[in-house]
Amino acid sequence: MAVSMRDLDSAFQGAGQKAGLEIWRIENFRPVPVPKSSYGKFFMGDSYVVLKTTALKSGALRHDIHYWLGKDTSQDEAGSAAVKTVELDAALGGRAVQYREVQGHETEKFLSYFKPCIIPQEGGVASGFKHAEAKEHQTRLFICKGKHVVHVKEVPFARSSLNHDDIFILDTKSKIFQFNGSNSSIQERARALEVVQYIKDTYHDGKCEVAAIEDGKLMADAETGEFWGFFGGFAPLPRKTTTDEDKTADSHPTKLFCVDKGKAEPVVADSLTRELLDTNRCCILDCGLEVFVWMGRNTLLDERKAASGAAEELVLGADRPKSHIIRVIEGFETVIFRSKFESWPQTTNVAVSEDGRGNVAALLRRQGVNVKGLVKAAPAKEEPQPYIDVTGNLQVWRVDGQEKVLLQASDQSKFYSGDCYIFQYSYPGEDKDEYLIGTWFGKNSVEEERAAAISLTSKMVESLKFLPAQARLYEGNEPIQFFTIMQSFIAFKGGLSTGYKNYIAEKELPDDTYKENGIALFRVQGSGPDNMQAIQVEPVASSLNSSYCYILHNDSFIFTWSGNLTTSDDQELVERQLDLIKPNVQSKPQKEGSESEQFWDLLGGKTEYPSQKIGREAERDPHLFSSTFSKGNLKVAEIYNFTQDDLMTEDIFIFDCHSEIFVWVGQQVDTKSKMNALTIGEKFLENDFLLEKLSCEAPIYIVMEGSEPPFFTRFFEWDSAKSAMHGNSFQRKLAIVKNGGTPIVDGESLKSRGRLNGSNLRIYTRRNKTDIAIEQETADQPESLDSIPEHPEKPKRRTPVSHGGRSSVPDKSQRSRSMSFSPDRVRVRGRSPAFNALAANFENPNGRNLSTPPPVVRKVYPKSVSPDSATVASKSAAIAALTATFEQPPPARQVIMPRSVKVSPEAAKSMPKSAAKSTPKSTPEKSTPDLNNKGNSMSNRIESLTIKEDVKEGEAEDEEGLPIYPYECLKINSTDPVTEIDVTKRETYLSSAEFREKFGMAKDAFYKMPKWKQNKLKMALHLF
C-alpha cells in the first residue's frame, strides 16, 4: 500500500514507538491527544481512538487499535474515528488489528486496558462538556456483568431494575452496597467488588463504608434493611425479562462478502478456504458477534476506508449493537479469523516486507521525529534460566510394570529411553519446603508403563493433599528446571523395565540397551556443571554435529570428539561427563578435521553430518486462558493483560508460553476436577487453540494455588499473601476491600505480620575449608509437608556422583563440593568434608539441611561461588559483615544468599562472641518470636560450636588454607592415595615448593594458562 504525507495526520506522528497506551479524542473530526491523567475517562458524546502497543519477546512491537463510540456521539464523529483508525494503522506500517468498540458492548481486550472497569460520563466535546458537575452526591445504581472483565452500566434507580441473575452496585453518599443476585456466580461477585473499590476511590476519595447484600436475605440484617430502605422497603423481585441486549448473535450463519466500490457483494462458495481471499481486494466475513474486514496487502488506503464503511452499514442496517467490527491485514490475521476457515496454510506466500513501515519511518525521520521502535527490533537473545532452588532433596523411581523402584543416589540422573521415571524434588520455599513431583517418559517407553507412571504420581500428589506441583515430561522436550535439578543427566538407549523387555521380545526387536563394553556414542550438551547432559545417539558418523562435543567408546578405546564450533566450556563438560560414563580411564582427544582412522572405523566410516545446533522450542509471549472441561470437551477463553488477580480460586486456568504450559488449579476446585488437571493440559496441547503448532509432548506443569513454584510466579507481579488467604474469591476480595486494599491472612494483615515469620535465616561464612552456618528457625513456621502422615520420611539430600580427575580449572564457577565420597556416609551437595563433620554437631536430622541457601523470589538462582573465586575479607570486615547481617532481618521478598568469605583463625574465634550480641533466638515451642531480646539460644549454639579444621592434626597448610600432601599420594596411580580431596584439583594440594618442582612454575602462572595446556601438564604428571 502506497503511503503519502497527506495520509498522515500530524497527531499520529511518533505514535506506537514504545509499549503502552495512547488515546486520542475526535474533536472537529481531528484526533487530539488525551492527557494520561484522563486515561480511562470516556464521555458518552465523544468518539476516541485507543492505541495499545505491546513489546513482544521477539523484539517487535505489536499494535492493537480500537475506536470507541459513545452512545451519544454523532454519526460524523463516529465515521471520522473509523477513518482515522485506518490512517493510524497506515502510519504504523499496516499491520495493526483494528476494533470497533461501542459503549456498553466493548470487547474484553479493550476493557482489560482499563481494569477494573470504565464508567462513561455524560456530555462530550460537542456539547461543551455539559456533564454533571461535582456538587451534591447523586445516588446511582449500576449493573455489573462479566467473570473476567466487568461491563458496568448505569440503570434507573428503581426496584424494577434489580433481578436475581446479575450483580448491582448502589452508590449512595455514605455507603456503597453490592447486591448479589442469587443466580450470580462467585467469580462475578468478586469482580464486581473491584468495581466497588474503584467507585470508592474515584467518587468518595476512598472514604466510605462498603456492604454486601445477598439476594434472598431478609430484613433481619441491619445492612440489608438499610439497602432495601432506599427502594421503599423489601418486596419480591420480578423475573428478568429478555431484552434486545440479551439476545445473542451466535447463531448467525457465517457469510463472506467481497467489497467492490464500497458495496459488499456476497461470495458464493461451498466452504470457506484461504483461496477465496484476493490480495488485491478487501473482504468482509460476517460471523454474527464478530464482523471481520480483511484487507489485502495490495489494496489502497481509500479501498480500506470504503470496506470499513461497508462493514459499518452491514452492522447498523441489521441493528446489531453487540457485533464487534475487527479489521485485519493480510499476513497478520488473528487466530479467531483464521479459525473460521476450513483450511488455512501455515505459511502464505505473501510478500510481507518492511517497506510500508520503512517508508513511513523515512517520512517521519525527515520531519525530525524519533522513529525508534517503528521498525522491527532485533530479537532479544537470552539464555533460559531455571528459576528454582537447586540445592534440594531428590528421589527418583523407575517404573517397572505397575510398581516403582527407588534408584540409588548414584543412579538418580541415569535414565533409559525405553523406561518411565518418577522424580520427587523438594526445595526450600518462601515459608515452607516446596515439592515438585514429575514423570519422565522415554522415547521408546511402552504405553502401559506411561499410564502406570501417571497413576502412581497422582497417588503421590493426592497423598500430599494436592500441594506439590506436578510435571509431565517427554524425552527430548525437557525444560531447563529438570536438567538443573538432575545436574549431570545421562540418557542411555534401551531400557531395563519389564514392560520394555516384554515389548521388544513380542515385536522381535533387537535389544540396544547400553552396555559398558559395547560401542556407544554420546552427544554432550548443556550450559555448565550445574546443567549438563550426555545423550546416547546412534554410533554412526551422521550423528556428529560440529556444534557439540561427543564421547565414543567400545570395550577397548575411548575417544572424545570436539566440533569446530564448540567452546572451551563445551570441552570442559565432556571431561565431566566422561567421569560419569567411563571414570578413571584415559581418553583419546579428537578434533574435528584431524580425526584418526581408528575413530572413523568405530563409527563405520566417515560421512556428512550437520553443523547447526539442535534447536529447542523457545519461550514465547505468554497467554492465560480460563477453562471449562465437561464430558471430555475443553473450552477456553483468553484473558488479556492478565495479572495474578485473574487467577480465581474456584477455577482452573491454563498458562501457555509455547515451550511449556501450566495448569493452575484453585484451592476451591473440587477433587474430581483436580484429578482432571493433567487431562485438561493434554487436551489444550491437542486442540492447539492459538494455532501455534504446539507439540503434544511439550512439558505440562500442574500448579496448585498456594504452592506456586518460582518458575511460574516469575510471569506475574506475585504476592504470595493473596494465595494464602482463606475463603472463596468473593470473601477474599471483600476482606481486601474492607481492609483498605491489604490482603488478610488468618485475620492478620500481611503488612503487620511481616515476612520474617515462617522463614529461615541463614548466614554463611568460610574459614579456610570450614563452613560456619548459623540458622534461625522462627517460632510460628507453618507445618511443612514433612509432617504429613502420608509422607512421614523426608528423603536425604542426594549423594553426588564420583567424578574422575579431568576438570582442572579452579576458577570455574561451579558447586563447591568434593568430587569423591565415602559409600557409608551421605554427602550433601555444596558441602565440604569438614562442614559435614561440623554440621553433625548441631544439625537436627529431621530439619532442613543447613547448607541449603534460602529461596530467591522472582530471581534467577545463581551458581554457587567457589572457594577460589571468593572475596578474601579481613578479620574486621568479616566480623562486621556477619554482625550487620544479624542486626538487620531480611526485608520482604528478599533473602540472604550464601557468600564464601575467607576468615582468619582469629576472626573465627572471636566471631561467636560478637555475633551473640545480636543473634536472634530460635524458639520452636513459642508462637511469637522476639528478635530483639531472645538471642540466648542462638548464642549458646554458636558458643558451644567447636570449629574443627579441615586438616588432620600435624598436617601442614598452604597459603590458601588447603592441606598439603606429597606428590606420591596425589597421583592417580598412587599406591597410598589420599582420600577426602577434590579429585578434580589434585595439584592444588601440592606445596608451593613441590608444585614449582614438578610443574616448573608457580601456581599463579599455571592457572593463567589455557585449560588444554593445564590438562596436558597434569596428564604428564599423572594428576589428570
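Residue numbers run consecutively from 1 along every chain, following the written order of its sequence. Totals for whole chains, interfaces and linings use every residue, but because this is a predicted model, local features are given only for residues with pLDDT of at least 70 and side-chain atom pairs only at 80 or more, for both listing and counting. No hydrogens and no water enter the side-chain calculation; it runs on all heavy atoms of the structure.

Some points on the overall build of the chain
Move 1: Scanning the chain for helices and strands turns up 26 helices and 38 strands.
Move 2: Three exposure classes are used, based on accessible area relative to the maximum for each residue type with a 1.4 Å probe and protein chains only: buried under 20%, partly exposed in between, and exposed over 50%. Counting only residues that meet the buried cut, the chain has 54% of its 1024 residues in that class.
Move 3: Computed with a 1.4 Å probe, the accessible areas rest on the Shrake-Rupley method; for each residue, only the protein chains presented here act as cover. Just so you have it, the chain exposes about 46200 Å², and 49% of that area is on carbon and sulfur atoms. Secondary structure elements follow DSSP: runs of H or I of four or more residues count as helices, runs of E of two or more count as strands, with numbering from the N terminus.

Regarding the side chain of Asn728
Move 1: Considering the arrangement of structural elements, one finds Asn728 in the loop between helix H16 (720–723) and helix H17 (729–738).
Move 2: Judged by relative accessible area, which is 14%, Asn728 ranks as buried.
Move 3: In protein, a polar contact means a hydrogen-donor-capable atom and an acceptor-capable atom, both N or O and within 3.5 Å, with residues adjacent in sequence counting only if both atoms are side-chain atoms; elsewhere, any N or O pair within 3.5 Å suffices. Polar contacts involving the side chain of Asn728 include one to the main-chain amide nitrogen of Phe730, which spans 3.1 Å.
Move 4: In this structure the side chain of Asn728 is engaged in a polar contact, spanning 2.8 Å, whose partner is the backbone nitrogen of Gln731.
Move 5: Note on contacts: a residue pair qualifies if any of its non-hydrogen atoms lie within 4.5 Å across the two residues. Setting aside residues no more than four positions away along its own chain, Asn728 makes contact with Ile186, Thr649, Glu650 and Gln668.

Topic: the sheet that holds strand E6 (residues 140–145)
Move 1: Strand pairing is assigned whenever DSSP identifies at least 2 bridges connecting the two strands. If you walk across this open sheet you meet the 5 strands as E7-E6-E8-E9-E10, and the pairing is mixed. Both edges of this open sheet fall to strand E7 (151–155) and strand E10 (209–214), since each of them pairs with a single strand only. Put simply, the sheet's adjacent strands are angled 25° from each other on average, direction ignored.
Move 2: Here 5 bridges tie E6 to E7, and the two strands are oriented antiparallel to one another. Considered in E7, the bridge of Leu141 is made with Val155.
Move 3: For helices, the fitted line uses only the C-alpha atoms of the stretch in contact; every axis is such a line through C-alpha atoms, and the angle between N-to-C directions lies from 0 to 180 degrees. Contacts between helix H4 (residues 222–229) and the sheet are confined to strand E8 (167–171), strand E9 (175–180) and E10, with E9 contributing the most and set at about 95° to the helix.

Remarks on the packing of aromatic side chains
Move 1: Two rings from Phe, Tyr or Trp (for Trp, the six-membered ring) form a pair when their centres are within 6.5 Å of each other. A pair whose planes differ by under 30 degrees is stacked, one over 60 is edge-to-face, and the rest are tilted. Scanning all chains against the criterion turns up 66 aromatic pairs.
Move 2: Both rings, one in Phe337 and one in Trp344, keep their centres 5.9 Å apart while their planes meet at 85°; by these two values the pair is edge-to-face. An identical accessibility class is assigned to Phe337 and Trp344; each is buried.
Move 3: Here Phe415 and Trp440 contribute two aromatic rings whose centre-to-centre distance is 5.0 Å and whose plane-to-plane angle is 75°, an arrangement assigned as edge-to-face. Separated by 25 residues along the polypeptide, Phe415 in strand E18 (residues 414–416) and Trp440 in strand E20 (residues 433–441) bring together distant segments of the chain. Trp440 shares its class with Phe415; the two are buried.
Move 4: Grouping aromatic residues by their ring pairs yields a cluster made of Phe157, Phe168, Phe177, Phe179, Phe227, Trp228, Phe230, Phe231 and Phe234.
Move 5: The ring centre of Trp344 lies 5.2 Å from the NZ or CZ of Arg274, which sits over that ring.
Move 6: Only lysine NZ and arginine CZ atoms are considered, and such an atom sits over a ring when it is within 6 Å of the ring centre and within 35 degrees of the ring normal. Taking NZ or CZ as reference, Lys613 lies 5.9 Å from the ring centre of Tyr548, over its face.

Regarding helix H14 (residues 677–687)
Move 1: Of all the residues in H14, the buried ones are Ala677, Leu678, Ile680, Gly681, Phe684 and Leu685. Summarising the axial view, the buried residues of H14 lie within an arc of 160°, below the 170-degree limit, and thus occupy one face.
Move 2: Downstream of H14 by a residue or two, Asp688 has a phi angle that is positive, lying close to 50°. The arc in question is the one spanned by the directions pointing from the helix axis to the C-beta atoms.

Some remarks on unusual backbone geometry
Trans peptide bonds make up most of the peptide bonds, and negative phi angles are found at most residues other than glycine.
Move 1: The peptide bond linking Lys115 to Pro116 adopts the cis configuration, its omega dihedral lying at 10°.
Move 2: A positive phi angle, near 60°, is found at Asn584, a position not held by glycine.
Move 3: Within the secondary structure layout, Asn584 lies in the loop between helix H11 (568–581) and strand E27 (588–591).
Move 4: Among the residues examined, Asn584 registers a relative accessible area of 71% and is labelled exposed.
Move 5: One non-glycine residue, His658, lies in positive phi territory at about 75°.
Move 6: Relative to the helices and strands, His658 resides in the loop between strand E30 (652–656) and strand E31 (661–665).

Focus: the pairing of strand E2 (residues 30–33)
Move 1: Taken together, the 4 bridges between strand E1 (residues 20–27) and E2 define a ladder with antiparallel strand orientation. Each residue of the ladder has a partner; that of Glu27, found in E2, is Arg30.
Move 2: Hairpin connection of E1 to E2: 2 residues between the antiparallel strands, including Asn28 at a positive phi of 55°.

Brief notes about the nonpolar core
Move 1: The set of buried Ala, Val, Leu, Ile, Met, Phe, Trp, Tyr and Cys residues whose side-chain atoms join them within 4.5 Å is what this entry labels a nonpolar core. Phe423, Phe482, Phe489, Phe522, Phe662 and Phe712 are the most contacted members of the largest nonpolar core, which totals 58 residues.
Move 2: With 5 residues, the single largest contributor to this core is H11.
Move 3: Setting aside its immediate chain neighbours within four residues, Phe522 contacts Ile490, Phe492, Tyr514, Ala534, Ile535, Gln536, Cys549, Tyr550, Ile551, His553 and Ile581.
Move 4: One finds Cys420, Ala452, Phe466 and Ala677 within the second-largest nonpolar core, a separate group that totals 34 residues.

Observations regarding the confidence of the model for the chain
Move 1: pLDDT measures how confident the predictor is about each residue, on a scale from 0 to 100. For the chain, per-residue confidence averages 78 on the pLDDT scale, and 71% of positions sit at 70 or higher.
Move 2: Low confidence marks residues 747–794, where pLDDT is under 50. Its contacts with residues over four positions away, or in another chain, come to 156 contacts.
Move 3: Confidence drops under pLDDT 50 across residues 796–955; counting only partners more than four residues distant or on other chains, this segment forms 360 contacts.

With respect to the environment of Asn531
Move 1: Here Asn531 is to be found in strand E24 (residues 531–537).
Move 2: In the structure, Asn531 is positioned 42 residues away from Phe489 in sequence and 8.0 Å away in space, judged by C-alpha atoms.
Move 3: Those residues in contact with Asn531 that lie beyond four places of it in its chain are Ile480, Phe483, Gln487, Gln525 and Gly526.
Move 4: Of note is the side chain of Asn531, whose polar atom sits 2.5 Å from the side chain of Gln533.

Overview of helix H1 (residues 75–91)
The α-helix winds at 3.6 residues per turn, so residues separated by three or four positions along the chain end up facing the same way.
Move 1: Helix span, as expected, comes to 1.5 Å for every residue beyond the first. With 17 residues, H1 extends 25 Å from end C-alpha to end C-alpha; this agrees with the ideal 24 Å at 1.5 Å per step.
Move 2: Most of H1 sits inside the fold, with 13 of its 17 residues counted as buried.
Move 3: A positive phi of about 100° marks Gly93, the residue just after H1.

Quick notes on the environment of Trp561
Move 1: With respect to the helices, strands and loops of the structure, Trp561 is situated in strand E26 (residues 558–562).
Move 2: Counting along the chain gives 29 residues from Trp561 to Gln590, while the straight-line C-alpha distance between them is 4.6 Å.
Move 3: Not counting residues up to four positions away in its chain, the partners in contact with Trp561 are Leu544, Asn545, Ser546, Tyr548, Cys549, Tyr550, Gln590, Lys591, Glu592, Glu595, Phe599 and Tyr609.
Move 4: A distance of 2.7 Å separates the side chain of Trp561 from the side chain of Glu595, its partner in a polar contact.

Observations concerning the pattern of salt bridges
Move 1: Take a side-chain nitrogen of Lys or Arg and a carboxyl oxygen of Asp or Glu: if they are within 4 Å of each other, that pair is a salt bridge. Applying the stated criterion across every chain, the model contains 32 salt bridges.
Move 2: The shortest N-O distance in the salt bridge between Arg62 and Asp64 comes to 3.5 Å.
Move 3: The partner of Arg732 in a salt bridge is Glu705, and the shortest N-O contact between them spans 2.5 Å. Highlighted residues: Arg732 in helix H17 and Glu705 in the loop between strand E32 (700–704) and helix H15 (710–713), separated in sequence by 27 residues.
Move 4: Judged by its relative accessible area of 7%, Arg732 is buried.
Move 5: Judged by relative accessible area, Glu705 falls into the buried class, the value being 6%.

Here's the deal with the environment of Ser568
Move 1: Checked against the element boundaries, Ser568 lands in helix H11.
Move 2: Residue Ser568 is classed as partly exposed on the basis of its relative accessible area, which comes to 42%.
Move 3: Residues Ser568 and Pro1010 lie 442 residues apart in sequence; the distance between their C-alpha atoms is 9.2 Å.

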